[in-house]
Amino acid sequence: MLIAKLAFRNILRNRRRSLLTLLSMGGGFFLLCLTLSMSEGSYSNIINIFTQDHTGHVQIHHTNYLERPSLYKTINNLDSILAEVEANPQVIGVTPRIYGPSLAYGKNKTFPAQVIGIDTKREALTTRLKSKVKQGQYISSDISKEGYFEAMIGYSLANNLALTVGDELVLISQGIDGSIANDIFLVKGIVGDANSYEKMNVYLSLPAMQQFLSMGQGENSQAHELAITLAHQQLAQPFAQTLQKQLEVSELTVAPWQVVESSFYNSMQADKKGSYVSMGIIIFIVSIGVLNTILMGTLERTREFGVLKAIGTRPLSLFNLIILESLILAVISCLFGLLLSLPVCYWLATSGIPMPEPIDMGGIVFDTMLGEVSWYVVIVPSVVVIASTLLVSFIPAIRAAQISPLKALQAT
Amino acid sequence: MNNIAQNNTQKRDVLVNSTTVIETKMLCRHFGQGDTLVNALTDANLTINKGEFTTIIGPSGSGKSTLLQLIGGLDTPTSGEVLLDNKHISQMTGTELSDFRRDHIGFIFQAYNLIPVLSAKENIEYIMLLQGISAQERAKRVSAIMHDVGLEGLENRRPAQLSGGQQQRVAVARAMVSEPSIILADEPTANLDSKTGIELLDMMKTLNEEQKMTFVFSTHDPKIMERAKRIIRLEDGCIVDDECFS
Ligand SMILES: Nc1ncnc2c1ncn2[C@@H]1O[C@H](COP(=O)(O)OP(=O)(O)OP(=O)(O)O)[C@@H](O)[C@H]1O
Ligand SMILES: [Mg+2]
């Protein structure tokens, strides 16, 4: 109590210096908070756009499917697994997919294409595929009057095959029973652009795909992949872990997007390290300023520390006094920095900064830098400011504690 | 100063039947080495009893401050011993020494040295707070001592708002209030004008007589010396005279 009283009074004593310390520490907090908000926000934004494009936050496959995809590595009991996943409140959408590499033929040309069977309704609720239809319409599982299923093709494939909406597309592949699969489909829509993930893809409805590849239908439906989107991308890893345990099916593997798209994830992690460097520089500059003011403040009071010691103050109490003074300043600075940062971060999170030139990452376009408001963005600067202040106060505190009262009393 | 020695009425050894507060044995303090060696204090043997009002006099550089600092545990002797309340303080360090100073020694400095951020009352309370004395007891003692040193009504002033004499009174109150075994004052009146200095000393003397508080102080001022009941004279670090007056 006594030490706390002294600490408070000492802070109030040299108001200008305390204010300067407060400003520099608060400013440091502000800069850290903003840097974090921008980097976290940008990464969140990239992750959101990326995962919502087609990956989803979590995927389920037959074990080893990701390493070595095969027509035969299927997820069975599709309906019960879908129901089980959907029962989870964190899940926004879950959609099954069947993959069948094929040859696509149209207007005298043949190209290899990735044919993907999708549950049209679920896919629309889970990823942004539907919104990427540029010409024609999003497919349904309807059959045309000629008896053809609908297909949706990627922009580049359409160009290569010289196909437009309403044309016929022939696909040749291998059925799951070993037979040759071939069929005619009606081009219902063209999706994406020359850069997007879908550019060489063909989308069929699930029933169309199942029939095409002679796979089980209805109750016997199978899929190669289940893509799940969650309420927030940060839930991906914990959710994947819980779901893996919950499913109790040994031949299935639940993986978060970090595993599914590991190369994207790793390059993003590497990129993040770059922002640590700039934060380190901010911390360093702020710490030097704080060290300076604290050192000055204690040097000036050398004589006073001598008196306090001479009349019986323990060394540890003097140590605590210096640390407490800094701690109080640091906490107030954090509050001050928070007051300054929150509105700015909030604005960054809602409006964001438009980028002078949109960045195209694998067909996904980023045109705004978004900030983020989260506990992380607030707590990390607080911890950093308080910890670095304490660290920096250690030197003057030890000095004050070890000072010889006699020498200190003789100081001017 | 010699006339004081002649006025000497009672030799030190004659005093009997009192409890010893301080005892120094062959106390030496040297600074530096070789050519720069200074014998600030040499073989000082001294006994101070409870209730004494002692002054240490001597020319500048004779070792007055050094002696007081050694007795107060602020400095460590080169050789010899200091016993305060029969405890060897020269062997104490760190927290132990801090606590010993807190409980047994009151300091009054030439430059007042009050804590600037604390009010008069809080300065006086400070040591009692370190000692963990109850709020009730603290309040009682503070008001009593404020009365004794004649500072009633100035409790809430900060040192900067007090005159030098008033500040030194607060310092006396701060030194006394925790009821230490001894109060050490190195030239307590040197920063005051002589009238204020004499007033302060008279006040200390009254407190010494009423409360049997033991005082040891150093001074240059002959008017102050006159008020002492015992004068110890230092020259070149040696005790050359020690006389008592009744
Ligand atoms: N830290 C030190 N280093 C070296 N010499 C010192 C130190 N402190 C004191 N001395 C020397 O010791 C001697 C005694 O000093 P001290 O301060 O005790 O004298 P004093 O009697 O108090 O003098 P004054 O009346 O001027 O206060 C002096 O010669 C002084 O120069
Ligand atoms: Mg001196």
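Note: the structure precedes this text.
Please read these numbers as outputs of a predicted model, since none were measured by experiment.

The topology assignment puts Asn201 of chain A in strand S8 (residues 201–205). Filtering out sequence-adjacent residues up to four positions away, Asn201 of chain A remains in contact with Gln114, Ile116, Met152, Ile153, Gly154 and Leu157 of chain A.

One pass over the full model with this rule turns up 28 salt bridges over all chains. Across the pair Asp99 of chain B and Arg314 of chain A runs a salt bridge, and its minimum N-O distance is 2.6 Å. Residue Asp99 of chain B is located in helix H3 (residues 94–104), and its partner Arg314 of chain A is located in the loop between helix H10 (302–310) and helix H11 (315–350); the two belong to separate chains. Salt bridges sharing partners connect three or more residues here, namely Asp53, Arg128, Lys132 and Glu198 of chain A.

On the side of chain A, 21 residues touch chain B, which itself brings 25 residues to the contact. When the buried area of chain B at its contact with chain A is split by residue, Leu74, Val117 and Tyr126 of chain B rank highest and sum to 25% of it. Here chain B and chain A share 3 salt bridges between them. At the junction of chain B with chain A, the criterion picks out 9 residue pairs in polar contact (both at pLDDT 80 or more). At the level of secondary structure, the elements contributing two or more residues to the side of chain B that touches chain A comprise H3 and helix H4 (120–131) of chain B. In terms of residue class, the side of chain B that touches chain A is made up of 12 nonpolar, 6 polar and 7 charged.

All names here are of chain B. Ser60, Gly61, Lys64, Ser65 and Thr66 are the nearest of the 13 residues found near ligand 1. In the model, an oxygen atom of ligand 1 is placed 2.7 Å from a nitrogen or oxygen of the Lys64 side chain. In this structure, Ser65 approaches ligand 1 through a side-chain N or O atom, which is 2.7 Å from an oxygen atom. Look at ligand 1: alone it shows 630 Å² of surface, and the protein chains cover 61% of it. Element by element, the count of residues in the shell around ligand 1 is highest for helix H2 (residues 64–71), at 3 residues. Of the residues belonging to the shell around ligand 1, the class tally is 4 nonpolar, 7 polar and 2 charged.

Counting across every chain of the model gives 8 aromatic pairs over all chains. Taking 5.6 Å as the distance between ring centres and 85 degrees as the angle between the ring planes, the aromatic pair formed by Phe185 of chain A and Phe212 of chain A counts as edge-to-face. Of this pair, Phe185 of chain A sits in strand S7 (residues 180–191) while Phe212 of chain A sits in helix H6 (residues 206–212); the two residues are 27 residues apart in sequence, bridging distant segments of the chain. By the burial criterion, Phe185 of chain A is buried, and Phe212 of chain A matches it. Between Phe53 of chain B and Phe215 of chain B, the aromatic rings sit 5.6 Å apart at their centres with planes inclined by 70 degrees, giving edge-to-face as the arrangement. Taken together, the residues span a long stretch of sequence, with Phe53 of chain B in strand S4 (residues 53–57) and Phe215 of chain B in strand S9 (residues 215–218) at a distance of 162 residues. Comparing Phe53 of chain B with Phe215 of chain B, the two get one shared label, buried. Aromatic rings pair up to connect Phe50, Trp257, Phe264 and Tyr265 of chain A into one cluster.

Here is what the cut-offs are and how they apply
- Residues numbered from 1 in each chain as written.
- Chains lettered and ligands numbered in written order.
- Predicted model: local features only at pLDDT ≥ 70, side-chain atom pairs only at ≥ 80, totals over all residues.
- Heavy atoms only, no water.
- Helix = DSSP H or I, 4+ residues; strand = E, 2+ residues; numbered from the N terminus.
- Contact = heavy atoms within 4.5 Å.
- Salt bridge = Lys/Arg side-chain N within 4 Å of Asp/Glu carboxyl O.
- Buried area = accessible area lost by both parts, 1.4 Å probe.
- Polar contact = N/O pair within 3.5 Å; in protein donor to acceptor, adjacent residues only side chain to side chain.
- Nonpolar A, V, L, I, M, F, W, Y, C, P; charged D, E, K, R; others polar.
- Near = heavy atom within 4 Å.
- Areas by Shrake-Rupley, 256 points an atom, 1.4 Å probe, with all protein chains shown as cover.
- Phe/Tyr/Trp six-rings, centres within 6.5 Å; stacked < 30°, edge-to-face > 60°.
- Buried < 20%, exposed > 50% of the residue type's maximum accessible area, 1.4 Å probe, protein only.

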